[in-house]
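Okay, here's what each chain looks like letter by letter:
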Amino acid sequence: MCGQLPPSAGVFVGLPVPAGLGLLHGLARGDDGVTGIPFVTRETDVSVRQQPTTDSARVARPPGPTSVRVACQVHGGLVEYDGYSNDAWSHLPDHGGYVSSIFIDVDDARPPGAPTC
């Protein structure tokens, strides 16, 4: 399991989400053979980027909140949203890129159980 960032890092700690949405447990294997952990995005029209930075090209924009499969995670460009900041990005193989982990419905800075890319 990946280490957690200290609270002093100013990382994301949670936003309210619609009832019934939250962490989905277990692993999911996609048609590509890549195993990932299912999570739910917390916002609508979240941008999936080619690289883990907001300067990178947008490759997808799934409607949301929606279920996504996180294969792994990396540190990338800092994202600030609604008073929170986070530099963790989750790789979404079903969408061909990365989404800031600030938009993944978890209470931690990084999706738990997802390995480092």
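Everything below is about the structure shown above.
Residues numbered from 1 in each chain as written. Predicted model: local features only at pLDDT ≥ 70, side-chain atom pairs only at ≥ 80, totals over all residues. Heavy atoms only, no water.

Our next topic: the nonpolar core. Membership of the largest hydrophobic core comes to 18 residues, with the highest contact counts inside it found for Phe 39, Val 70, Leu 92, Val 99, Phe 103 and Ile 104. Put simply, the parts of the chain that give this core at least two residues each are strand E2 (35-40), strand E5 (67-70), strand E6 (72-81), strand E7 (84-92) and strand E8 (97-100). Among residues more than four places away in sequence, those in contact with Val 70 are Gly 36, Ile 37, Phe 39, Ser 90, His 91, Leu 92, Ile 104 and Ala 114. (Core = buried A, V, L, I, M, F, W, Y, C linked by side-chain atoms within 4.5 Å. Buried < 20%, exposed > 50% of the residue type's maximum accessible area, 1.4 Å probe, protein only. Helix = DSSP H or I, 4+ residues; strand = E, 2+ residues; numbered from the N terminus. Contact = heavy atoms within 4.5 Å.)

On to the pattern of salt bridges, then. Applying the stated criterion across every chain, the model contains 2 salt bridges. One salt bridge in this structure joins Asp 105 and Arg 42, with 3.5 Å as the shortest N-O distance. With Asp 105 in the segment after E8 and Arg 42 in the loop between E2 and strand E3 (48-49), the pair connects residues that are 63 residues apart, well separated along the chain. Each member of the pair, Asp 105 as well as Arg 42, carries the same accessibility label: buried. (Salt bridge = Lys/Arg side-chain N within 4 Å of Asp/Glu carboxyl O.)

It is worth spelling out the state of the cysteines at this point. A full pass over the atoms with the stated rule returns 1 disulfide. At a sulfur-sulfur separation of 1.9 Å, the disulfide partner of Cys 72 is Cys 117. Across the disulfide from Cys 72 to Cys 117, rotation about the S-S bond amounts to roughly 90 degrees, and the bridge is consequently right-handed. Here Cys 72, found in strand E6, pairs with Cys 117, found in the segment after E8; they are 45 residues apart in sequence, far enough to count as distant. Looking at Cys 72, the relative accessible area reads 12%, which means it is buried. Since its relative accessible area comes to 44%, Cys 117 is described here as partly exposed. (Disulfide = S-S within 2.5 Å.)

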